Amino acid sequence: MSAQQSKILAIIGQGYVGLPLAMAAVDAGWTVIGIDNFSAKVEQINGGSSPVEDISDTQLQAAISRGAYKATTDFSAVAQAPVVTICVPTPLDDKREPDLTLLRNAATAIAPYVSNETLVVSESTSYPGTLRDIIIPIINQNKPKDSKSIYFASAPERVNPGDAIWNQKNTPRLIGAIDQESQKRALAFYGSICDAAISVSTPEVAEAAKLLENTFRLVNIALINEFTQLCSTSGINVHEVIDAAASKPYGFMPFRPGVGVGGHCIPVDPLYLTWWARQNGNKAAFVESADSINHAMPKYVAERAMSMVGANVKNPKVLILGVAYKSGVSDVRETPMSALSDYLKAQGAVVGWHDPLVPVWEESNPVDLDWECDVAIFATNQPGIDLTELFSKGIQILDCTNSLKGQVGVIGL
Ligand SMILES: NC(=O)c1ccc[n+]([C@@H]2O[C@H](COP(=O)([O-])OP(=O)(O)OC[C@H]3O[C@@H](n4cnc5c(N)ncnc54)[C@H](O)[C@@H]3O)[C@@H](O)[C@H]2O)c1
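Every value quoted in this text rests on a predicted model; they were computed, and no experiment measured them.

*Asks:* When you look at the sheet that holds strand β1 (residues 8-12) in this model, what are you seeing that I'm missing?
*Replies:* Sheets are built from strands paired through backbone hydrogen bonds, the pairs being either parallel or antiparallel. Strand order across the open sheet formed by 8 strands is β3-β2-β1-β4-β5-β6-β7-β8, with mixed pairing between neighbours. Sheet topology places β3 (69-72) and β8 (197-199) at the edges, where each strand pairs with a single neighbour. Looking at each pair of strands side by side, their axes are set apart by 25° on average, direction ignored. The sheet contact formed by strand β7 (residues 173-177) and β8 spans 3 bridges and is parallel.

*Asks:* Just checking my understanding: could you explain the packing of helix α7 (residues 203-233) against helix α9 (residues 269-279) for this structure?
*Replies:* Each packed pair of helices is defined by two parameters, the angle between the axes and the distance between the axes. Between α7 and α9, whose axes approach to 8 Å, the crossing angle comes to 115°. Relative to α9, α7 is oriented roughly perpendicular. As α7 packs across α9, the resulting crossing turns out to be left-handed. Contacts from Lys210, Leu211, Asn214, Thr215 and Leu218 in α7 reach Asp269, Pro270, Tyr272 and Leu273 in α9. Within the contact of α7 with α9, the residues separate by chemical class into 5 nonpolar, 2 polar and 2 charged.

*Asks:* What is the right way to read the pairing of β1 from this model?
*Replies:* Two faces belong to every sheet, and in a regular strand the side chains alternate between them. Most of β1 is tucked away, with 5 of its 5 residues classed as buried. Of the two faces of β1, both are covered, the one formed by Ile8, Ala10 and Ile12 as well as the one formed by Leu9 and Ile11. By the bridge criterion, 5 bridges tie β1 to strand β2 (residues 31-35) in an arrangement that is parallel. Within β2, the position partnered with Ile11 by the bridge is Gly34.

*Asks:* Got a minute to help me understand the site of the ligand in this structure?
*Replies:* Residues in close proximity to the ligand total 27 residues, the closest being Val17, Asp36, Lys41, Thr90 and Thr125. Residue Thr90 places a side-chain N or O atom 2.6 Å away from an oxygen atom belonging to the ligand. Ala106 has a polar backbone atom sitting 3.5 Å from a nitrogen atom of the ligand. Contact with the protein chains removes 93% of the 830 Å² of surface that the ligand exposes when unbound. Residue composition of the shell around the ligand, by class: 13 nonpolar, 9 polar and 5 charged.

*Asks:* What's the story with the packing of helix α10 (residues 285-307) against helix α11 (residues 337-346) in this structure? I'm lost.
*Replies:* One way to put it is that α10 packs onto α11 with a least axis distance of 8 Å and a crossing angle of 45°. By the criterion of interaxial angle, the relationship of α10 to α11 is oblique. For the pair α10 and α11, the sense of crossing is right-handed. Only Ala339, Leu340, Tyr343 and Leu344 of α11 make contact with α10, whose side of the interface consists of Pro298, Lys299, Val301, Ala302 and Met306. Here the residues of the contact of α10 with α11 sort into 8 nonpolar, no polar and 1 charged.

*Asks:* I tried to follow the sheet that holds strand β13 (residues 410-412) on my own but got confused; where do I start?
*Replies:* The 5 strands are arranged β10-β9-β11-β12-β13 in an open sheet whose pairing can be described as parallel. Here the strands that pair on one side only, and so sit at the sheet edges, are β10 (350-354) and β13. In this sheet, neighbouring strand axes are inclined to one another by 25° on average, regardless of whether the strands run parallel or antiparallel. Contacting β9 (317-321), β10 and β11 (375-378), α11 runs over the sheet at an angle of about 175° to β9.

*Asks:* What is the right way to look at the pairing of β10 in this model?
*Replies:* Among the 5 residues in β10, 4 count as buried, and that is most of the element. The pairing of β9 with β10 spans 5 bridges and is classified as parallel. In the strand pairing of β10, Ile320 is matched with Trp353. Chirality of the crossover, the property in question, places the unit of β9, α11 and β10 among those that are right-handed.

*Asks:* Looking at this model, I keep getting lost on α7. Mind explaining?
*Replies:* Residues spaced three or four apart along an α-helix face the same direction, because each turn holds 3.6 residues. If you check α7, its first and last C-alpha atoms are 46 Å apart, about what 31 residues at 1.5 Å a residue would give, namely 45 Å. Residue Gly235 follows α7 closely and has a positive phi angle near 70°.

*Asks:* Explanation requested: the side chain of Asn225 in the structure shown.
*Replies:* The residue Asn225 is located in helix α7 in this model. Separated by 3.0 Å, the side chain of Asn225 and the backbone nitrogen of Gly258 make a polar contact. Excluding residues within four positions of it along the chain, Asn225 makes contact with Pro257, Gly258, Ile293, Asn294 and Met297.

Rules of the game
Residues numbered from 1 in each chain as written. Predicted model: local features only at pLDDT ≥ 70, side-chain atom pairs only at ≥ 80, totals over all residues. Heavy atoms only, no water. Pairing = 2+ DSSP bridges. Helix = DSSP H or I, 4+ residues; strand = E, 2+ residues; numbered from the N terminus. Axes fitted to C-alpha atoms, helices over the stretch in contact; angles between N-to-C directions. Parallel < 35°, antiparallel > 145°, perpendicular 65-115°, else oblique. Left-handed = near helix turned anticlockwise from the far one by under 90°. Contact = heavy atoms within 4.5 Å. Nonpolar A, V, L, I, M, F, W, Y, C, P; charged D, E, K, R; others polar. Buried < 20%, exposed > 50% of the residue type's maximum accessible area, 1.4 Å probe, protein only. Near = heavy atom within 4 Å. Polar contact = N/O pair within 3.5 Å; in protein donor to acceptor, adjacent residues only side chain to side chain. Areas by Shrake-Rupley, 256 points an atom, 1.4 Å probe, with all protein chains shown as cover. Right-handed = clockwise from strand over helix to strand, strands pointing away. Expected span 1.5 Å × (residues − 1).

So, to be careful, I would describe these as geometric facts and stop short of saying anything about function.
Here is the structure:
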């Protein structure tokens, strides 16, 4: 069977996006080659140990033992696949601007192996124009001479790690391709994996929609974080206000305050938007303001926690409970708990942390829950944090998760 006819999928990047996509494709009857340039991760995956929470070892091992999936560092495997998806990180650089180095590297690495009639799809989040202006030129310049027809589309991933309901299969997928034939092929591919594949007119629409989705979350979280501080000053319980507002059956969507935003998406993607706006001579002032508000939250939380400690305690011991950026995941990328810890230390605190899903963080080990502390900050509601001992000792807890309502000694944000 030729590469054009076979149901072989190559996925570049085997992380939070690429590995779940691989398993969804296996479930849909595809044979998947997961290509990643991090050899330790490839070894781990081929050894049957999943690096992401949403994929169990059992599911991974079953796919490997059936011969339906394998991971590799060898990009030449792309030559076997009529469909190639790119799922590599798109982070920020030191100036907090888009860093497409990994995406360019991935495009450069696959280009020599892209066979004629291959469909190349970018799932990585980026600003409008990334597929057309960056990925396509790299591949066209470096592809084999006889690969005359290559099809290109953008289908930004929307996965929400740790979500028990929404996954690759049942989350509708946006698809914007560079021409009709590419669109047709991309729709057929995603139609084989997802319940709904939605056509948009260009890759730029798909890329912009992804930025809008995550910017929508960023600004609404910022709004509620700011609103929380206004309520707190007046002694109003913000969660009661949010619940009350959410009783309106239309036109309102509840967001909750917290230590800030984290992970690879919400703090990052809106800055792709602000950068893109600047390139076009515009200014996304509203988004920049939201980013600043969220960035100020760790300082606000640190100050609130320190105010709960008696003035006579010189170097209070503060326990941070949950350091992953959200509940149910081990992901500490861009976690706001880093800034929280820094602000606490800057104010003279001795900081300990505990997170059942995170074994090591910022080159330090967690403390046990019997660690003697003056105040605790319940920063992320991780499963498996047992607060019985803290309650029995009468330790005050600043609850940033709205999950300890009504407990004695607990103060909400
Ligand atoms: N994590 C999420 O919740 C999420 C959700 C939707 C979209 N996205 C987007 O999907 C993309 C991937 O994010 P992720 O969270 O899966 O990242 P990740 O860090 O979990 O995984 C990316 C993988 O790509 C590998 N990699 C990096 N450069 C490579 C290269 N040149 N060639 C081959 N492999 C390479 C890394 O080793 C890593 O294993 C990003 O653009 C992100 O914004 C992420």
